[in-house]
Amino acid sequence: MEASQEKIEKAAVRELGGIVDRCERLEDRFSTGDKMPLTDGAIDLYLDHRRKGGPQHRVPVQIKGSTAQAKAKKSGTFKYGVHRDVIAFFQREGGGLYFVGSMPKARQPVTMYFVIIGPHKAQQLLAKMSSAQKTISVRMERLDSPKRLEDVVGFAVRERAQAYAPRIDLTTQDMGKVRVTPLNPLDLTKPVQLRQLEDHFYVEVEQAQGYWVPVDIDLTIYPGSYLPRNVAMQVSCSDVLYESAVVRQTGEESGELWLSPALTVKQRWSMAGGGDQTLVLDTQGSVVDAHKALSFFLAAVSGAPVLINGRFATHLPPDPTPKLKGEWARARELHRNLSLVMESLIALAIDPGNVVYEDVIGKGGDDLVQLHDALVGGREVNVAIEGVGRLDLTLNGSRIILIVAPGSDDEHKRFFNPFDPANRSLFAVVWVNEHGIEEISATAYDGLGAEDFASAMNLRLEGIVEAYKREGDTPVLGELGHRNVLKMLAAADTADERRRGLLLQAAQELNDWVWQINPSTVHDVNRLQIIRRRRAFTPDERRAAITLRQEVIATKPPNGRMILACLAILLEDPDELAVALERLEQHELADLQSRPIWNLRSNQSPTIEPR
């Protein structure tokens, strides 16, 4: 026979009071028949067992009775519906304790359960409820000892700081150090999920001033074994060897070895012994990564075992299904084509390790396969390309610039890299003017624009100065070289970090060569703006720029106004720049704004607009 609700609640109050009486630092402030709708009193927490000086803290409580019981005795938890008004009250009061006494049958002992509803938990519970919802089911834990109750009350007291803590937006600032305090011990041998709606814990983050602030977040704590770590180890299949791996555990009986962006070995094991490994290919990484991963995979397909530190790890099924046979055949074809792509890139002096694999999936990669014999073997090939001259192969935003030349008949063409010194005799650089077409002494680089320098992969920039030296040291070549310095600087301003470094180095070397042909203040300015793109000036470099400015003021060269404006930009002098810009003619200002040095203006520099 079930007991009445009123009797159960009275029994729950007596049971909880008895537990409080056995706690040296606690004292109850509740009684049966309490008519207050939101609280049944409070529990006081004293500083020590002597209880001198009054209670240190007081925590409001609500006590209910129920005939329900934990569904699983092992878990020691069950769900109970808590009223919205009680949750809102606890949120306003800095948190509280909600107790439920369970008595499934009359005259049975009461089993006490609790939930700590701190400000953060209260906020999440209210946010989860609809506007018409009166109660919400909350997970309750069993209260099994006086020591447990003291811990619970102390935890509730500590959570009261959540009510007064400033709100911190963790999406816009670095969390720094994090401190997690759980009510219950955590098993950190596996990932632990902590959820405000289900668990008792609070999180604090350390601020710059050294104090800790509570934050309202859910989180997952991973053991160290779940964090990726680089391990020196040998993973091999046939003659394909990886000498390190990024290792991490992914589950209680699973993990993975990340050998490269293109290849992962996933592992599963059993505590009773045994396990298996799976090879996973990906399209991430470079062409070299993908080619090596496919070589490893195909060696395994051919029956070679996968070895980890020389010990057998796994092998692929010796009798594959028809579906697997089809996938393996496609892998072999892909591997063959990637080998041809790599050889074509190497012939063009392009490092396949710097080419993203996804960039050669599609037409760009197909073109490199089709032109392999021409680029690697120097043979003419039969391709459906109209005309001769420049040809751009596109690789997802980057490009390869080739020259198409006639073959032995209309159906065949020859292809070569114009930036390879060995091919200089295969093409002419021409100038089109009012007199017609005139061949001039120039380099393959002189037909490029800034966008070509920014995106073309086969330029051999380390050889650009030698290309000019082979043509001579005439003033015309010096002027062409000066123009290419400016084009490379403009390209460097839009390039990624690796390509930016190559462009700036080539611009520096070419500018030094141009200066030797025709020493000029313009080339001194270019040298300084190359430095400024790399770093701030040293004191000596800054003095050199100031000295150059003084020389220009003293000598008044024809382009002096432009040079003074350039030096003001380089010296980051907004007042001087404002004066220099005001003195420019409209065509001079337009010319300055079209040059790459204009990109170096600081945010504080003025902008001059035509009247």
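Residues numbered from 1 in each chain as written. Predicted model: local features only at pLDDT ≥ 70, side-chain atom pairs only at ≥ 80, totals over all residues. Heavy atoms only, no water.

## Description of the overall build of the protein chain
The helix and strand inventory of the protein chain stands at 17 helices and 25 strands. For a compact globule of 611 residues, the expected C-alpha radius of gyration is about 25 Å, and the protein chain comes in at 38 Å, more than 25% above that figure. Judged by the C-alpha coordinates and their principal axes, the protein chain covers about 115 × 80 × 45 Å. Partitioning the intrachain contacts of the protein chain with sequence separation of at least 6 by distance along the chain shows that 59% fall at a separation of at least 24. Carbon together with sulfur atoms contributes 50% to the accessible area of the protein chain, which is approximately 32500 Å² in total. Side chains of the protein chain give 74 positive and 82 negative charges; the mean places of these two sets differ by 10 Å. (Helix = DSSP H or I, 4+ residues; strand = E, 2+ residues; numbered from the N terminus. Rg over C-alpha atoms; globule rule 2.2 N^0.38 Å. Contact = heavy atoms within 4.5 Å. Areas by Shrake-Rupley, 256 points an atom, 1.4 Å probe, with all protein chains shown as cover. Lys, Arg positive; Asp, Glu negative; His and termini not counted. Charge placed at Lys NZ, Arg CZ, Asp CG, Glu CD.)

## Details of helix α10 (residues 464–471)
What α10 keeps buried is the set I464, V465, A467 and Y468. Viewed along the axis of α10, the buried residues span an arc of 160°, placing them on a single side of the element. Tucked inside the fold, the buried residues of α10 contact α9 (450–455), α11 (475–492) and α12 (497–517). (Buried < 20%, exposed > 50% of the residue type's maximum accessible area, 1.4 Å probe, protein only. Arc of directions from axis to C-beta.)

## Observations concerning the packing of aromatic side chains
Under the criterion given, the structure shown has 9 aromatic pairs. Between the NZ or CZ atom of K292 and the centre of the ring of Y242, over which it lies, the distance is 4.1 Å. (Phe/Tyr/Trp six-rings, centres within 6.5 Å; stacked < 30°, edge-to-face > 60°. Lys NZ or Arg CZ within 6 Å of the ring centre and 35° of its normal.)

## Regarding the layout of surface pockets
Roughly 600 Å³ of internal volume is contained in the largest pocket. In this structure, the largest pocket is lined by 28 residues; those nearest its centre are A456, M457, R498, R499 and L502. Those elements that provide at least two residues to the lining of the largest pocket are α9 and α12. Sorting elements by how many residues they give to the lining of the largest pocket places α12 first, with 6 residues. Residues that form the lining of the largest pocket fall into these classes: 13 nonpolar, 7 polar and 8 charged. In this structure, the second largest pocket occupies an estimated 390 Å³ of space. Lining the second largest pocket are 20 residues; nearest its centre among them are R139, E141, N184, P185 and D199. Looking at the lining of the second largest pocket, its residues break down into 7 nonpolar, 6 polar and 7 charged. (1 Å grid on protein atoms, 1.4 Å probe; cavity = no way out; pocket = protein on both sides within 12 Å on 5 of 7 lines; lining within 4 Å. Points joined across faces, edges and corners; volume = space filled by probe spheres on them. Nonpolar A, V, L, I, M, F, W, Y, C, P; charged D, E, K, R; others polar.)

## Here we look at the pattern of salt bridges
Scanning all chains against the criterion turns up 29 salt bridges. Among the ionic pairs, D373 bridges to R379, the shortest N-O distance being 3.3 Å. In this structure, R533 and D493 form a salt bridge, with 2.8 Å as the shortest nitrogen-oxygen distance. Within this pair, whereas R533 is found in helix α13 (residues 521–534), its partner D493 is found in the loop between α11 and α12, the two being separated by 40 residues in sequence. Overall, the relative accessible area of 26% leaves D493 in the partly exposed class. The network of salt bridges with shared partners includes E27, R29, D44 and R58. (Salt bridge = Lys/Arg side-chain N within 4 Å of Asp/Glu carboxyl O.)

## Re unusual backbone geometry
At R460, a position not held by glycine, the phi torsion is positive, near 50°. Here R460 is to be found in the loop between α9 and α10. One non-glycine residue, K556, lies in positive phi territory at about 50°. Position of K556 among the secondary structure elements: in the loop between α14 (539–555) and α15 (560–570).

## With respect to the sheet that holds strand β4 (residues 77–83)
Read across the open sheet, the 7 strands follow the order β1-β2-β3-β5-β6-β7-β4; overall the sheet is mixed. Bordering the open sheet on either side are β1 (26–28) and β4, each of which pairs with just one other strand. The mean inter-strand angle of the sheet, taken between neighbouring strand axes irrespective of direction, is 35°. In terms of strand pairing, strand β3 (residues 57–66) meets strand β5 (residues 96–102) through 6 bridges, oriented parallel. Residue pairing in the sheet places S66 in a bridge with S102 of β5. Across the sheet, helix α1 (residues 5–21) touches β1, β2 (42–45), β3, β5 and β6 (111–117), and the angle it forms with β3 is around 140°. Packing of helix α2 (residues 84–92) onto the sheet brings it into contact with β3, β4, β5, β6 and β7 (135–142), and relative to β4 it is tilted by some 90°. (Pairing = 2+ DSSP bridges. Axes fitted to C-alpha atoms, helices over the stretch in contact; angles between N-to-C directions.)

## Notes on the packing of α15 against helix α17 (residues 586–593)
Relative orientation of the contacting elements α15 and α17 amounts to 40°, with a least axis distance of 11 Å. When the interaxial angle is binned, α15 and α17 end up oblique. Where α15 crosses over α17, the handedness of that crossing is right-handed. Seen from α15, the contacting residues are R561, M562, A565 and C566; seen from α17, they are E588, D591 and L592. Considering only residue class, the contact of α15 with α17 consists of 4 nonpolar, no polar and 3 charged. (Parallel < 35°, antiparallel > 145°, perpendicular 65-115°, else oblique. Left-handed = near helix turned anticlockwise from the far one by under 90°.)

## Quick notes on the sheet that holds strand β11 (residues 212–215)
Judged by pairing direction, the sheet is antiparallel, and its 3 strands sit side by side in the order β8-β10-β11 without closing on themselves. If you trace the sheet from one side to the other, it starts and ends with β8 (178–182) and β11, each paired once. Neighbour to neighbour, the strand axes of the sheet diverge by 30° on average, direction disregarded. Judged from the 5 bridges that link them, β8 and strand β10 (residues 201–206) form a sheet pairing that is antiparallel. By the bridge assignment, V180 is partnered in β10 with V203. Lying on the sheet, helix α4 (residues 146–159) is in contact with β8 and β10; it crosses β10 at an angle near 40°.

## A short note on the nonpolar core
Side chains that are nonpolar tend, in soluble globular proteins, to be buried together. Counting residues in each nonpolar core, the largest one holds 51 residues, and the members touching the most others are L257, F296, L368, I400 and F415. Here the element with the most residues in this core is helix α5 (residues 287–301); it accounts for 10 residues. In this structure, F296 is in contact with V235, S236, C237, V240, Y242, L263, L279 and V306, ignoring residues within four places of it in sequence. Grouped together as the second largest cluster of nonpolar side chains are 36 residues, F427, A442, F453 and A495 included. (Core = buried A, V, L, I, M, F, W, Y, C linked by side-chain atoms within 4.5 Å.)

## Section: the packing of α10 against α12
Contact pair α10 / α12: the axes reach a minimum separation of 9 Å and the direction vectors enclose 30°. As judged from the angle between their axes, α10 and α12 are roughly parallel. Facing I464, V465, Y468 and K469 of α10, the residues of α12 in contact are A506, E509, L510 and W513. Considering only residue class, the contact of α10 with α12 consists of 6 nonpolar, no polar and 2 charged.

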